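Okay, here's what each chain looks like letter by letter:
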Number of protein chains: 2
Amino acid sequence: MSARTITIKENILGANTEKAGINRKLLDRHHILMVNIMSSPGSGKTSVILRTIDRLRDSYRIAVIEGDVASSIDADKIAQQNIPAIQINTAGGCHLDAQMISKALDTLDLDRIDLIFLENVGNLVCTADFDLGAHKNAVILSIPEGDDKPRKYPVAFVEADVILVNKIDVLPYFDFKLDTFPGIINGLNPSARVFPVSAKTGEGMDGWFSWIEEILV
Amino acid sequence: MSARTITIKENILGANTEKAGINRKLLDRHHILMVNIMSSPGSGKTSVILRTIDRLRDSYRIAVIEGDVASSIDADKIAQQNIPAIQINTAGGCHLDAQMISKALDTLDLDRIDLIFLENVGNLVCTADFDLGAHKNAVILSIPEGDDKPRKYPVAFVEADVILVNKIDVLPYFDFKLDTFPGIINGLNPSARVFPVSAKTGEGMDGWFSWIEEILV
């Protein structure tokens with residue numbers, strides 16, 4: 001990259017971080033927890049969110065902000081559960097930014113929300129560079145993607161507070177070494193929690209639910 | 001995006017397209033076919049390339065250019081097959097660009113190569129925006145990712161000459177509707193060829209091998 005390119009990138013990231021801080025302060029004033037969920041396409045972000053809504057909706061008021069390059073497939077699934085769902089289409093952009101989230105927050109009744117899930121664009125590379133104002137970052141890696149992905153796409157895993165290893169219901173059909181995986185994460189990010197789960201069957205999801213509830217208390 | 005942002009993006013893409021044209025002319029002078037392979041992380045780009053090397057190496061001289069955010073895991077696997085493998089690390093960048101490919105081509109003995117596979121960064125969003133000088137674009141979608149991905153990430157599928165639906169060996173364990181999938185692609189990109197394959201078992205790969213061989217003749 002040329003010096004000019006670097007300067008532009010620093011300016012973009014600097015302005016984004018400032019806006020993210022404003023978002024976080026707004027959420028704090030309303031006692032809302034916001035969790036940014038990142039993964040590759042098809043790892044199960046929407047499935048995890050739907051399963052979590054099902055479990056926590058009687059205890060907490062939940063909203064979802066959906067980031068997609070195109071379409072409103074995921075937001076439609078959330079809205080079918082009678083949960084407020086704000087669709088952001090990035091028109092080709094590969095990640096959400098703090099300004100998009102600011103506009104989405106403007107449309108929500110923040111006095112009636114306890115918990116917001118941000119479903120980021122399906123992308124393990126670009127998303128983690130942009131602070132959105134969330135309090136916690138969750139990364140989902142699914143069994144079919146393979147256990148070498150944290151070494152190949154380290155930034156998201158380094159930024160994660162919690163890592164869900166999803167689709168453990170199909171573990172017998174893939175070469176993912178689940179027993180040694182926490183060691184790989186420990187080498188990159190020792191403070192991250194790791195929960196092997198299946199959003200499809202519900203297996204292992206209790207640890208993730210408890211993790212959220214402990215922060216919300 | 002502001003007007004200035006758009007101008008910068010157009011300038012970057014314009015310079016890239018010009019460089020891509022130079023790469024393609026260089027390859028044409030040496031009678032080399034270059035295929036750009038794009039997918040999400042873990043869809044099976046390296047596995048498809050390894051299986052293809054195994055099948056075509058007696059008939060054609062093959063080289064591989066590996067694009068990764070970090071690590072040389074994939075290039076090491078290729079090099080173990082005694083195939084020239086050039087590693088490009090993008091240092092966080094989410095796609096390859098034509099300048100990177102130009103530098104990689106400089107290191108290869110182009111008079112002794114018939115076929116180059118470009119393994120792009122694992123990313124279904126950013127990669128398709130950048131012409132690299134390849135003659136053909138191949139997109140891999142794996143069964144576990146789900147059959148809704150062409151609607152959610154349309155650009156790569158619109159730019160594809162061929163789409164490999166990989167991991168059909170695990171089709172019974174997922175909700176991917178393989179019979180209606182070609183219709184989804186037909187709506188986006190009627191001229192794209194679709195091959196359901198398993199790079200793991202070899203099932204269905206003959207169609208893909210023939211597709212390459214027909215271009216190379």
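A brief report on the enclosed structure follows.

What counts and how
- Residues numbered from 1 in each chain as written.
- Chains lettered and ligands numbered in written order.
- Predicted model: local features only at pLDDT ≥ 70, side-chain atom pairs only at ≥ 80, totals over all residues.
- Heavy atoms only, no water.
- Least-squares fit on C-alpha atoms with pLDDT ≥ 70 in both.
- Pairing = 2+ DSSP bridges.
- Helix = DSSP H or I, 4+ residues; strand = E, 2+ residues; numbered from the N terminus.
- Axes fitted to C-alpha atoms, helices over the stretch in contact; angles between N-to-C directions.
- Contact = heavy atoms within 4.5 Å.
- Buried area = accessible area lost by both parts, 1.4 Å probe.
- Salt bridge = Lys/Arg side-chain N within 4 Å of Asp/Glu carboxyl O.
- Polar contact = N/O pair within 3.5 Å; in protein donor to acceptor, adjacent residues only side chain to side chain.
- Nonpolar A, V, L, I, M, F, W, Y, C, P; charged D, E, K, R; others polar.
- Buried < 20%, exposed > 50% of the residue type's maximum accessible area, 1.4 Å probe, protein only.
- Core = buried A, V, L, I, M, F, W, Y, C linked by side-chain atoms within 4.5 Å.
- Parallel < 35°, antiparallel > 145°, perpendicular 65-115°, else oblique.
- Left-handed = near helix turned anticlockwise from the far one by under 90°.

## Let's talk about the relation of the copies chain B and chain A
Consideration 1: After a rotation of 180° and a shift along the axis of 0.0 Å, chain B superposes on chain A with an RMSD of 0.0 Å. Accordingly, the operation relating the two chain copies is best matched by a two-fold axis.

## Examining the sheet that holds strand 1 (residues 33-38) of chain A
Residue and element names in this part refer to chain A.
Consideration 1: A sheet is described by the order of its strands in space; here seven strands give the open sequence 3-2-4-1-5-6-7, paired in parallel fashion. The open sheet has two edge strands, strand 3 (85-89) and strand 7 (193-196), and neither has a second partner. Sheet twist, expressed as the mean angle between neighbouring strand axes with direction ignored, is 20°.
Consideration 2: Where strand 5 (residues 136-142) and strand 6 (residues 162-166) come together, five bridges link them in parallel fashion. From the neighbouring strand, I140 faces strand 6, where its bridge partner is L164.
Consideration 3: Docked against the sheet, helix 2 (residues 45-56) engages strand 1, strand 2 (62-68), strand 4 (115-119), strand 5 and strand 6, running at close to 170° with respect to strand 4.

## Here we look at the interface of chain B and chain A
Consideration 1: Every contact between the two is made by 35 residues of chain B and, on the other side, 35 residues of chain A.
Consideration 2: Buried area between chain B and chain A, both sides added, is near 2,800 Å², and the carbon and sulfur share of it is 61%.
Consideration 3: Among the residues of chain B in contact with chain A, P41, K152 and Y173 of chain B are the three that bury the most area, contributing 21% of the side total.
Consideration 4: Run the count over chain B and chain A and you get two salt bridges.
Consideration 5: For K152 of chain A, the salt bridge is made with D74 of chain B, and the minimal N-O distance between the two is 2.6 Å.
Consideration 6: Connecting chain B to chain A are nine residue pairs in polar contact (both at pLDDT 80 or more).
Consideration 7: Of all elements in the fold, only helix 1 (3-29), helix 3 (73-79) and helix 5 (149-152) of chain B reach the threshold of two or more residues within the side of chain B that touches chain A.
Consideration 8: For the side of chain B that touches chain A, the class distribution of residues is 16 nonpolar, seven polar and 12 charged.

## Looking at unusual backbone geometry
Consideration 1: Positive phi outside glycine occurs at S71 of chain A, with the angle close to 75°.
Consideration 2: Note that S71 of chain A resides in the loop between strand 2 and helix 3 (73-79).

## A short note on the side chain of S39 of chain B
All names here are of chain B.
Consideration 1: Among the structural elements, S39 can be located in the loop between strand 1 (33-38) and helix 2 (45-56).
Consideration 2: Of the residues examined, S39 reaches a relative accessible area of 0% and is grouped as buried.
Consideration 3: Polar side-chain contacts of S39 include one of 3.0 Å to the side chain of K45.
Consideration 4: When residues no more than four places from it in sequence are discounted, the contact partners of S39 are K45, V121, G122, N123, L124 and I140.

## Thoughts on the nonpolar core
Consideration 1: Within the largest apolar cluster, 48 residues are counted, with the highest numbers of intra-cluster contacts made by V139 and I163 of chain A together with V139 and I163 of chain B.
Consideration 2: Going through the elements one at a time, strand 5, helix 6 (154-159), strand 6 and helix 7 (181-188) of chain A together with strand 5 (136-142), helix 6 (154-159), strand 6 (162-166) and helix 7 (181-188) of chain B are the ones with two or more residues in this core.
Consideration 3: Filtering out sequence-adjacent residues up to four positions away, V139 of chain B remains in contact with M38, L124, A156, F157, A160, V162, I163 and L164 of chain B.

## Quick notes on the packing of helix 2 of chain B against helix 8 (residues 205-216) of chain B
All names here are of chain B.
Consideration 1: Their axes nearest at 11 Å, the elements helix 2 and helix 8 cross at an angle of 65°. It follows from the interaxial angle that helix 2 and helix 8 lie roughly perpendicular. When the axes of helix 2 and helix 8 are compared, the crossing they make is right-handed. In contact with V48, R51, T52, R55 and L56 of helix 2, helix 8 contributes M205, D206, W208, F209, I212 and E213.
Consideration 2: Looking at the contact of helix 2 with helix 8 residue by residue, the classes come out as six nonpolar, one polar and four charged.

## Remarks on the environment of R29 of chain A
Consideration 1: Note that R29 of chain A resides in helix 1 (residues 3-29).
Consideration 2: A C-alpha to C-alpha distance of 9.5 Å links R29 of chain A and D111 of chain A, two positions 82 residues apart in sequence.

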